[in-house]
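Per-entry structural report
Chain residues, written in single-letter form:
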Amino acid sequence: MSLIAEHLDIRSTLTGDLKTLSAELRAEKAEHAVVITVDHASRETLAALGKSLDAAARLITDTMLKTQQATIEQIIMLLVPKVPIRPAVFKEAQMLAHAKKAVLESGDWLSAGDVANLAGFTSKNPSSQPNKWKQEGRIFALRHNGSDYFPIYALDPETGYRPRPAMADVLNVFDGRKDGWGLAYWLASVNSYLGGKRPQDLLDDAPARVVAAAEDEVAGITHG
């Protein structure tokens, strides 16, 4: 099956007076025709013009087909991996997809608008405040489908759903070492330093221990 969208099958080039051509066209089995009319041309000139048009049409068609084929081949090369994907790489991608799915389905994440509503912001652009907290390093967010989502466990209901101070300390420890997803994984995973508990569950009751666990994590990364 050809990948070319359309192939022009040029059957013939006819020249002559309109009366003769009308009869010849009725006898043609082609479905379409390109007609050029001229005044005061000799039979020899018409024949030469017909041959030139026939050659030009075939050249243009061949060029179009080659160009389209080259374009399609380039697109295919971009879409097809240069080498087959190794099973280990595929397995890693599956694990990462499952991890992200688990994080997003945990119920721990709020949009900027949701955070603004909880915190009671009433300005013209209430969601700007959560983004400001993120820029100040007081909270982090996951970027998903073009939107930011903030962890509800990083907000303290006792202070009107403002960021917990310990969150800024944890972010400072991991600065440049973990992105939003990396932070989410670490905070949601059981931690041996914390006796098998999750860091996100201790931000309220034992914030200093969570910060110490973060420092221990960074020390382990630094020293291998």
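Calculation notes
- Residue positions are given per chain, counted from 1 along the sequence in the order it is written.
- The model is predicted, so local features are restricted to residues of pLDDT at least 70 and side-chain atom pairs to those at 80 or more, both for listing and for counting; the totals for chains, interfaces and linings are taken over all residues.
- To obtain the side-chain values, all non-hydrogen atoms of the structure were included, while hydrogens and water were left out.
- Numbering of helices and strands starts at the N terminus; helices are DSSP runs of H or I of at least 4 residues and strands are runs of E of at least 2.
- Partly exposed describes any residue whose relative accessible area lies between the buried limit of under 20% and the exposed limit of over 50%, with all areas from a 1.4 Å probe on protein chains only and scaled to the type maximum.
- Pairs of residues are marked as contacts when any of their non-hydrogen atoms sit within 4.5 Å.
- With residues, only the protein chains shown are counted as cover, and all accessible areas are computed by Shrake-Rupley using a 1.4 Å probe.
- With axes taken as lines fitted to C-alpha atoms, and helix axes fitted only over the stretch in contact, angles between N-to-C directions fall between 0 and 180 degrees.
- For classification, angles of less than 35 degrees are called roughly parallel, those exceeding 145 degrees roughly antiparallel, those between 65 and 115 degrees roughly perpendicular, and all remaining angles oblique.
- Basically, the charged four are Asp, Glu, Lys and Arg, the nonpolar ten are Ala, Val, Leu, Ile, Met, Phe, Trp, Tyr, Cys and Pro, and anything else, Gly included, counts as polar.
- On a range of 0 to 100, pLDDT expresses the predictor's confidence in each residue.
- Whenever a carboxyl oxygen of Asp or Glu lies within 4 Å of a side-chain nitrogen of Lys or Arg, that contact is scored as a salt bridge.
- Side-chain atoms alone can form a polar contact between residues adjacent in sequence; in general such a contact is a pair of N or O atoms within 3.5 Å, and within protein one must be able to donate a hydrogen while the other accepts it.
- We call Phe, Tyr and Trp rings a pair once their centres come within 6.5 Å, taking the six-membered ring for Trp, and we label the pair stacked below 30 degrees between planes, edge-to-face above 60, and tilted otherwise.

1. Here's the deal with the overall build of the protein chain
- Looking only at helices and strands, one finds nine helices and five strands in the protein chain.
- Counting every position in the protein chain, which comprises 224 residues, the buried fraction comes to 25%.
- Within the protein chain, contacts between residues at least 6 apart in sequence are counted, and of these 54% link residues at least 24 apart.
- Total accessible area on the protein chain is roughly 15800 Å²; 55% of this is exposed by carbon and sulfur atoms.

2. So, the packing of helix H3 (residues 87-104) against helix H7 (residues 180-188)
- At their nearest, the axes of H3 and H7 sit 11 Å apart, and the two run at 75° to each other. Considering their axes alone, H3 and H7 lie roughly perpendicular with respect to each other. On the side of H3, the interface is formed by Leu96, Ala99, Lys100, Val103 and Leu104, while H7 contributes Trp181, Ala184 and Tyr185.
- Class assignment for the residues of the contact of H3 with H7 results in seven nonpolar, no polar and one charged.

3. Side note on the confidence of the model for the protein chain
- Residues of the protein chain with pLDDT of at least 70 account for 90%, and the chain-wide mean is 84.
- Of the regions scoring below 50 in pLDDT, residues 1-5 engages in seven contacts with residues more than four places distant in sequence or in other chains.

4. Section: the pattern of salt bridges
- Taken as a whole and judged by the stated rule, the model has eight salt bridges.
- With a shortest N-O distance of 2.9 Å, Asp201 and Arg198 are connected by a salt bridge.
- One connected set of salt bridges, linked through shared partners, spans Lys134, Arg143 and Asp148.

5. Details of the side chain of Arg164
- With respect to the helices and strands, Arg164 occurs in the loop between strand S5 (162-163) and helix H6 (165-173).
- The exposure class of Arg164 is buried, given its relative accessible area of 12%.
- At a separation of 3.4 Å, a polar atom in the side chain of Arg164 contacts the side chain of Asp204.
- Filtering out sequence-adjacent residues up to four positions away, Arg164 remains in contact with Tyr153, Ala154, Leu155, Asp156, Pro157, Leu203 and Asp204.

6. Things to note about the packing of aromatic side chains
- According to the stated counting rule, one finds five aromatic pairs in the structure shown.
- For the pair Phe174 and Trp186, a centre-to-centre distance of 4.9 Å together with 70° between the ring planes defines the contact as edge-to-face. Of the two residues, Phe174 sits in the loop between H6 and H7 while Trp186 sits in helix H7, which places them twelve residues apart along the sequence.
- Its relative accessible area of 1% is what places Phe174 among the buried residues.
- Exposure remark for Trp186: the relative accessible area of 7% places this residue in the buried category.
- Among the aromatic residues, those joined into a cluster by ring pairs are Trp109, Phe140 and Tyr153.

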